[in-house]
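# Topology and contacts: notes
Given next are the chains, with one letter for each unit.
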Amino acid sequence: MDRSPQFARFGARTAALLDQWQQQNHRPLTAPAWLDTGGSGASLASVFVRDSDPGRTTRRMIIKLCSPDGDSSMEPGRLIAARRSLPNGDPSFARDHLVEQLYDPMPVDDAWLMFQGFAGNDETMMTLSTILRQRRLPGVAAQITRSLLADWNPDEKSDGEMTAAAFVSELLDQRLEPAEPLAVWVRDKLGLDLETAWIRPGRANAAPLPNPVHLTGSCPLAERTLDYPMRGRAHGDLHPGNIMVPKEPDADIGRYVLIDLSRFDERALLARDPMHLLLCLVADFLPHMSDDARAELLDLLVGRDTPGLLIPQGLARTVDEVRRAPDGWLHQRTISGQWTGQWLLSMQACALMFTARVRYDARDRWWFFRLAAEAAGAYLGPADAYEPGQVKFVPGPREAEPTVVEAVVAAVKLPEQMAPPEAKPEAKSAPDPVRIPAPTPARESAAPSPEAAGESLPDAAPETPTEELPDTLPALLIDLHGTFGDRLGELREHEAGSVSARTLGLIREQADRAQGDLKALLTSRHDTLGEEARDRLDAVLGRLARVAEATNEPGFSYEQPLFVRDLAHRMLVVALDQLLGSARESALGLEAGEAGQAGEAGQATDPIRPEGARTPSG
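Keep in mind that what you see is a predicted model, and the values were worked out from it rather than measured.

What counts as what
Chains are numbered independently. Their residues run from 1 in the order of the written sequence. The model is predicted, so local features are restricted to residues of pLDDT at least 70 and side-chain atom pairs to those at 80 or more, both for listing and for counting; the totals for chains, interfaces and linings are taken over all residues. Hydrogens and water are ignored here; the side-chain numbers use all heavy atoms of the structure. The way it works is that DSSP assigns letters per residue, a run of H or I at least four long becomes a helix, a run of E at least two long becomes a strand, and they are numbered from the N terminus. Type-normalised accessible area, obtained with a 1.4 Å probe on protein chains alone, sets the label of each residue: buried when under 20%, exposed when over 50%, and partly exposed for intermediate values. A contact between two residues is defined here by any heavy atoms of the two lying within 4.5 Å. Note on areas: these come from Shrake-Rupley sampling with a 1.4 Å probe, and a residue is covered only by the protein chains present in the view. Only strands joined by at least two bridges in the DSSP assignment are considered to pair. Two residue types count as positive, namely Lys and Arg, and two as negative, namely Asp and Glu; His and chain ends fall outside the count. The salt bridge criterion pairs a side-chain nitrogen of Lys or Arg with a carboxyl oxygen of Asp or Glu, the two atoms within 4 Å. Note on aromatic contacts: the rings of Phe and Tyr and the six-membered ring of Trp form a pair at centre separations within 6.5 Å, being stacked when their planes are under 30 degrees apart, edge-to-face when over 60 apart, and tilted otherwise. A residue's pLDDT is simply how confident the predictor is in it, with values from 0 to 100. Note on terminology: disulfide denotes any pair of cysteine sulfur atoms within 2.5 Å. The criterion is simple. A nonpolar core is a set of buried Ala, Val, Leu, Ile, Met, Phe, Trp, Tyr and Cys residues joined through side-chain atoms within 4.5 Å.

### Points about the overall build of the chain
Across its full length, the chain holds 17 helices and 15 strands. Burial analysis of the chain (618 residues in total) assigns 51% to the buried set. In the chain, of all internal contacts separated by at least 6 residues, the share reaching a separation of at least 24 is 72%. A total accessible area of about 28,300 Å² is found for the chain, and carbon and sulfur atoms account for 49% of it.

### Thoughts on the sheet that holds strand β12 (residues 243–246)
The three strands are arranged β6-β12-β13 in an open sheet whose pairing can be described as antiparallel. At either end of the open sheet lies a strand with only one pairing partner, and these are β6 (125–127) and β13 (257–258). Relative to β13, β12 runs antiparallel, the two sharing two bridges. Residue Met244 lies in a different strand from β13, and its bridge partner there is Val257.

### Re the side chain of Arg365
Mapping Arg365 onto the fold places it in helix α12 (residues 362–380). There is no salt bridge for the buried Arg365, and the closest opposite charge comes from Glu585, which lies 7.2 Å off by N-O distance. Residue contacts for Arg365: discarding those within four places in its chain leaves Pro181, Trp185, Phe354, Thr355, Ala356, Arg357, Val358 and Tyr360.

### Topic: the packing of aromatic side chains
Tallying each qualifying case throughout the model produces 14 aromatic pairs. Ring geometry for Trp329 versus Trp339: centroids 5.6 Å apart, planes at 80 degrees, classification edge-to-face. Here Trp329 is found in helix α10 (residues 327–331), whereas its partner Trp339 is found in helix α11 (residues 339–355), with 10 residues between them in sequence. In this pair, the class of Trp329 matches that of Trp339, namely buried. Look at Trp339 and Trp343: their rings are 6.0 Å apart centre to centre, the planes differ by 35 degrees, and that puts the pair in the tilted class.

### Notes on the confidence of the model for the chain
Within the chain, residue pLDDT values average 79, and 77% of them lie at 70 or more. Between residues 399–471, whose pLDDT stays under 50, and residues either more than four places distant or in other chains, the model counts 95 contacts. In this model residues 598–618 is a low-confidence stretch, pLDDT under 50, and it forms 27 contacts with partners more than four residues away in sequence or in other chains.

### A few points about the state of the cysteines
Inspection of the entire model under this criterion finds zero disulfides. Of all cysteine sulfurs, the one in Cys350 lies closest to Cys280, which takes part in no disulfide; the gap is 8.6 Å. Looking at Cys280, the relative accessible area reads 13%, which means it is buried.

### A short note on the environment of Gln101
Checked against the element boundaries, Gln101 lands in strand β4 (residues 100–108). For the pair Gln101 and Arg83, spaced 18 residues apart in the sequence, the C-alpha separation amounts to 9.8 Å. Those residues in contact with Gln101 that lie beyond four places of it in its chain are Pro76, Leu79, Ile80, Met114 and Phe115.

### Remarks on the sheet that holds strand β9 (residues 209–210)
Pairing is mixed across the open sheet formed by three strands, whose spatial order is β9-β8-β15. A strand with exactly one partner marks an edge of an open sheet, and here the two such strands are β9 and β15 (392–394). By the bridge criterion, three bridges tie strand β8 (residues 198–201) to β15 in an arrangement that is parallel. Along β15, the bridge assignment pairs Ile199 with Lys392.

### Some details on the nonpolar core
One finds Leu221, Leu297 and Leu371 to be the most contacted residues of the largest nonpolar core, which totals 106 residues. With 11 residues, α11 is the single largest residue contributor to this core. In this structure Leu371 touches Leu279, Leu298, Leu301, Val302, Met347 and Ala351, once residues within four positions along its chain are discounted. Listed in part, the 35 residues of the second largest apolar core include Leu488, Ala533, Ala587 and Leu590.

### Brief notes about the pattern of salt bridges
Taken as a whole, this structure holds 23 salt bridges when the rule is applied. The salt bridge partner of Asp151 is Arg146, with a shortest N-O separation of 2.9 Å. The partly exposed category is assigned to Arg146, whose relative accessible area is 28%. For the salt bridge of Arg231 with Asp159, the shortest nitrogen-to-oxygen distance reads 3.4 Å. On the criterion of sequence distance, the pair formed by Arg231 in strand β11 (residues 231–234) and Asp159 in the loop between α4 (137–150) and β7 (162–163) is long-range, its members being 72 residues apart. Through salt bridges with shared partners, one network takes in Arg133, Asp284, Arg492 and Asp577.

Following this line, the structure appears as structure tokens:
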């Protein structure tokens, strides 16, 4: 039987090879469900495999077509290396906590096709990303951290001393190369030279801190030495989507499985994995936190005393429990005093990794940059313990200021829904639609005045398109942000994998409708928008299209196992998060541009704010 069409998304060559593999090995594959890979370049499908070998039964299996480039092309070998690297010769960690190769990998041109499975990879397991709003999260995250160190690395080692700057540089690898996203963002958005040694981030009177991206030459961190950098086995890309945990809330928190070991390293710096996982969990809460709460969280992470009253309770517990998780492992070692410094330096490096990620908005990326600087400062000690010399004030990117959107939302009066002149009044609207005003045609500069045309003026002055246009796009973006923010809140309330078809249909309909209206507005205002504004609004269109696409993910089907539905659910949540961030950034840009235009024209009031309303900078 020709089964290749069901694997067409792998490409014709791979689909044909899978067809041959099924026939030659008498292992039919059914019910493929396509999984999100986070943009890694790989392709994944979850399938049922019925094995003819004695002792094997029908089970779920993940088929992965690795990307031919980068670390992914090394995954088959690194997975084998991870399972063969036994702590003190004990195979139990690999058996209980690592994905396994059920069958030999198969070469496909310059890539590999892998057949992976693990104990309980059916409806009893789901990704850690699906329990981010569950009460058990702090305990599960702490137990995973403890196990990665105590169970996977009871035999940790060191290659000898290294400078603090070399420690951070090793974790960052090539991320500070001039053309990499981190270096570009710091240079273009912050106006900061990578060779600047000392900065004051955020406030001109703030204590001087080391520039976290300055790691060469005589930088502050080059003057400090780590005597025993702890090394051992590490996953290398530990985030909630790469960890499978039991579905049952009261299940053993020691049950977990690591997947995607393409970056496994037997001699990695051990502080990286738990810190990267912790900051992934922090990043999920961050968009919902005020500036004051973010400041408290920053203090908590770097070890300063803070009341912490504004930090979400679950997040505060997660930070505390993950930080304490290595204690038992450390108490068995005479070099445990080395860990605190390595924890802070790993925080600096991992925070910079998040700063580099374009999927986060400017406000979040700025917060991670500040965290990196504060972690470096905490490692060096009190500010009066060193002589910083010349210090550069770094106010942060314009997009990082949260008060702009908050002030606009609080002050603007959204216009009533308007229909285009040709629209029929009885046209049916979508349920709970995005309240988006239709485009107002731009006034042609060459149009003659009524007097010149010999016409009499009407009794009532007509609407002036040029005065209404400033209202339109900001109001659209604000309303879009509110509507899809509500949808995101509803999704977060759903149990993992339980999103109804009606909810998906509503989100899809609203996203499609918003795309159409935004495109119309862009067309009508094309000549009045600058290139940067158009780019931002194009990005919003792209995010809307991604949301609509995510609602059509086959993994939402109740015929799929729970962990597949979990992944589809998470993908839609991420798409909505990214849409909200893009809409907010675009609103900020438009607000800044229109404020500038108002200043140049000498306007007494802001065009999108009632007279007397407080301005964002006020």
